[in-house]
Amino acid sequence: MPQSNSSQYAVRFEDIYKIYRMGTTEVRALDGVSANFSKGSFWAIMGPSGSGKSTMLNLLGCLDRPTSGKYFLDDQDVSTLNDDDLSDIRLKYLGFIFQSFNLIPQLTVEENIALPLYYLGWPNQQREARARELAALVGLEDRLRHRPAELSGGQQQRVAIARALSNDPVFLLADEPTGNLDTATSIEIIELLKKLNHEGKTIIMVTHEPDIARHATSQLFMRDGKIQKITHGLPDTPGATSA
Amino acid sequence: MFIHPVRFFRDIQLGIKNLMLHKLRSLLTMLGLVFGVGSVIAMLAVGEGASAEALNQIRKLGSRNIIVSAQKPSEEQSSANTRIRISIYGLLYDDVQRIAETIPTVNRIVPVKSIQNTGRMGKRTLDMRIVGTNSAWFDLVDRPVIAGRVISPRDEFDKSNVAVLTEHGTRRLMATESVVGESIRIGANYYEIIGVVRSEGATEGSMQTPDQQTDAYIPLSTAREHYGDLFSQMKSGTFIRELVELHQLIIEVDKEENVEATAEAVERMLEIFHKKKDYNVSVPLALLRQAEATKRTFNIVLGSIAGISLLVGGIGIMNIMLASVTERTREIGIRRAIGAKQRQIVAQFLIETVVLSFSGGLIGIGLGLLIPWIITQVVKMPTVVSLYSLTLSLGISVSVGIIFGIYPAMRAARLDPIEALRHE
Ligand SMILES: Nc1ncnc2c1ncn2[C@@H]1O[C@H](COP(=O)(O)OP(=O)(O)O)[C@@H](O)[C@H]1O
Ligand SMILES: [Mg+2]
């Protein structure tokens, strides 16, 4: 199990390959990727379609296993864990935010937020208290009894963020979190993520929008399954440095 | 931990919630199970009812008794030319002797001579059946003595003019209860009433009890003297005459397990001395066999219905759950991404299926209470719904839920989380 504060890195990728074989052809979705994501950082993963961003995020999120290479989460090698152990890692150390929010429609806001705690086996009262606290953090304390369908896109994404935070994860993974939102709402969401990052949460976000990526502290550019370049602040942003 | 108490109750709640989301669909899905469970309960209720009825009958008839009744042969035709016919049939005084002497398992024999006649007390009259018998009658046809005493061997020896009436008969003949000591006129003779017994006298069920509601019991010796063996009757312009010595024999066997063999021996014995089949041997214990046969028939019919309904119901449930898994692929992906283990997804869907089948079982119990009630009302067949059958039904419901729910649940759990999340 990962031990907190044992490493300056939340995540380390060592020569990760993810290869899909389709008959005779093989697709190298990730083609030898090594990267360190330090604690407290806010990453934007960018790149053209098919460059391997989602594959990378799925591996980071322990939803998938690499074909080869090592993946250290808080210094523990998780690249060879079985399905149950990976589920446990996701449950205890990770938080997911999706492009399409992915709330469960038949559950209330409160129940959606508390869903990870339900699998963690928290008793009812504590679950409810934590859900209320997180709803307040994302500004939805008056929507606890609502269903996702009764909320706007931005509000739904806030609920998703609250849910991702409920287990106090080592880092947050966001796949195009603003992809389904208008510009104004996108800014709201990205500001919320920035606030969480300032409070110390490590965030890794996939996006193809430079305007969104600019808000992250670091940017990672993918191409053909390889890391093309890493920047800290986009080139047109003041103070940006190239890696 | 497969079943976590917090999650277990939440999963049940969630299951109910999901089923309530599609009320009609859930209800239709349950139908097969509802009929299956209803049939199971009805089947057991009819079986139980038949057994209870048979046991009750046997209690009234005496479980160690064999009842031999005189039966007028249907082909019985005397000389065709005469306008006066005499039918000679029935049991003989000698039969009593022969059976008692040759069949060792026979304990006692009660001979019965019965004559229809009118009883009179004061101004009231009543069509009665005079039963000429002996003192053992009251042991073999065991009924509570309400007042006075029953016929004694002394009465038989003395050919006394004494009668024992039934409670029912006395109520019809006399307003007061104290009839003992009074006298009753039956036909041309007066009898002193020495006692009153209760009677079953009902003809319900498949075998008649030896006693009837309006019996008057007198010593057989007295009956022979007063009425003889020849009975005359006018029937559609023809004078019908019957020569019958005894109308019935009640034979008590030493042990219950000897009853059927003894009945066969009696039958064989009678065959030798009776040219025609002018008697009928019946064994109360056979009622139990008959009840078991009824039970079997019902079990085959309703068991098939139940089996088919449960199978169809189970397949229906499986079908709906597979559809539900497809519909909720995304939800499964979300739960898995959040950290739900495969077995927790299995538990969730399995619990939902069992909630569905259990609800079907509950509705089925409602139907299962209704069907026996209707059977009792319409066919007049006794039914008994036992607690055991209700528990069994719920057990079956839950089993059907588990058996037909496991595959959809496993399918849900085995979905690849990444694929599931991508599902539209
Ligand atoms: N399950 C899969 N089977 C086969 N090929 C896949 C699979 N998932 C992704 N790929 C391939 O891997 C490459 C990277 O995909 P992906 O990581 O989804 O790219 P991105 O998210 O950057 O658009 C693509 O060429 C894609 O077709
Ligand atoms: Mg992608």
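Residues numbered from 1 in each chain as written. Chains lettered and ligands numbered in written order. Predicted model: local features only at pLDDT ≥ 70, side-chain atom pairs only at ≥ 80, totals over all residues. Heavy atoms only, no water.

This part covers the overall build of chain B. Looking only at helices and strands, chain B features 13 helices and 13 strands. A globule of 424 residues ought to have a C-alpha radius of gyration of about 22 Å, yet chain B, at 34 Å, is considerably larger. Seen along its three principal axes, the alpha-carbon backbone of chain B occupies a region of about 105 × 50 × 45 Å. A burial count over chain B gives 49% of its 424 residues as buried. For chain B, long-range pairs separated by at least 24 residues make up 79% of all intrachain contacts whose partners lie at least 6 apart in sequence. Carbon and sulfur atoms make up 58% of the accessible area of chain B, which amounts to about 20,400 Å² in all. Distance between charge centroids for chain B: 9 Å, based on 47 positive and 42 negative side chains. (Helix = DSSP H or I, 4+ residues; strand = E, 2+ residues; numbered from the N terminus. Rg over C-alpha atoms; globule rule 2.2 N^0.38 Å. Buried < 20%, exposed > 50% of the residue type's maximum accessible area, 1.4 Å probe, protein only. Contact = heavy atoms within 4.5 Å. Areas by Shrake-Rupley, 256 points an atom, 1.4 Å probe, with all protein chains shown as cover. Lys, Arg positive; Asp, Glu negative; His and termini not counted. Charge placed at Lys NZ, Arg CZ, Asp CG, Glu CD.)

Before going further, it helps to spend a moment on the sheet that holds strand β2 (residues 25-38) of chain A. Through backbone hydrogen bonds, the strands of a sheet pair up, either in parallel or in antiparallel fashion. Residue and element names in this part refer to chain A. Strand order in the open sheet formed by four strands is β2-β1-β4-β5, and the pairing between neighbours is antiparallel. Looking at which strands have only one partner, the edges of the open sheet turn out to be β2 and β5 (76-77). Sheet topology places strand β1 (residues 9-22) next to strand β4 (residues 68-73); five bridges connect them, and they run antiparallel. Its bridge partner lying in β4, Phe-13 is registered against Tyr-71. (Pairing = 2+ DSSP bridges.)

In this section: the domain arrangement of chain B. For chain B, the assigned domains are domain 1 (5-57 + 290-422) and domain 2 (72-277). One C-alpha centre belongs to domain 1 of chain B, the other to domain 2 of chain B; they are set 57 Å apart. (Domains from an automatic or database assignment.)

All names here are of chain A. Lining the immediate environment of ligand 1, one finds Tyr-20, Met-22, Val-27, Ala-29, Pro-48, Ser-49, Gly-50, Ser-51, Gly-52, Lys-53, Ser-54 and Thr-55. Residue Ser-51 places a main-chain N or O atom 3.2 Å away from an oxygen atom belonging to ligand 1. At a separation of 3.0 Å, an oxygen atom of ligand 1 approaches a polar backbone atom of Gly-52. Coverage of ligand 1 by the protein chains reaches 69% of its 560 Å² of free accessible surface. (Near = heavy atom within 4 Å. Polar contact = N/O pair within 3.5 Å; in protein donor to acceptor, adjacent residues only side chain to side chain.)

Residues and elements named next belong to chain B. As enumerated under the stated definition, the model contains 40 salt bridges over all chains in all. Where Arg-25 meets Glu-327, a salt bridge forms, and the shortest distance between an N and an O atom there is 2.9 Å. Of this pair, Arg-25 sits in helix α2 (residues 23-61) while Glu-327 sits in helix α9 (residues 286-327), and the two are 302 residues apart along the sequence. (Salt bridge = Lys/Arg side-chain N within 4 Å of Asp/Glu carboxyl O.)

Next up on the list: the interface of chain B and chain A. Accessible area lost during the coming together of the parts is what is often quoted as the interface size. Each partner contributes residues to the interface: chain B has 27 residues there, and chain A has 29 residues. Where chain B abuts chain A, roughly 2,500 Å² becomes buried across the two surfaces, and 54% of that area is made up of carbon and sulfur atoms. Taken together, the connections running from chain B to chain A amount to four salt bridges. Here Arg-336 of chain B and Asp-83 of chain A are joined by a salt bridge, their closest N and O atoms 2.7 Å apart. Inspection of the region where chain B meets chain A yields 12 residue pairs in polar contact (both at pLDDT 80 or more). For the side of chain B that touches chain A, the elements supplying multiple residues, two or more each, are α1 (5-21), α10 (329-338), α11 (342-379) and α13 (417-422) of chain B. No other element matches the eight residues that α1 of chain B contributes to the side of chain B that touches chain A. (Buried area = accessible area lost by both parts, 1.4 Å probe.)

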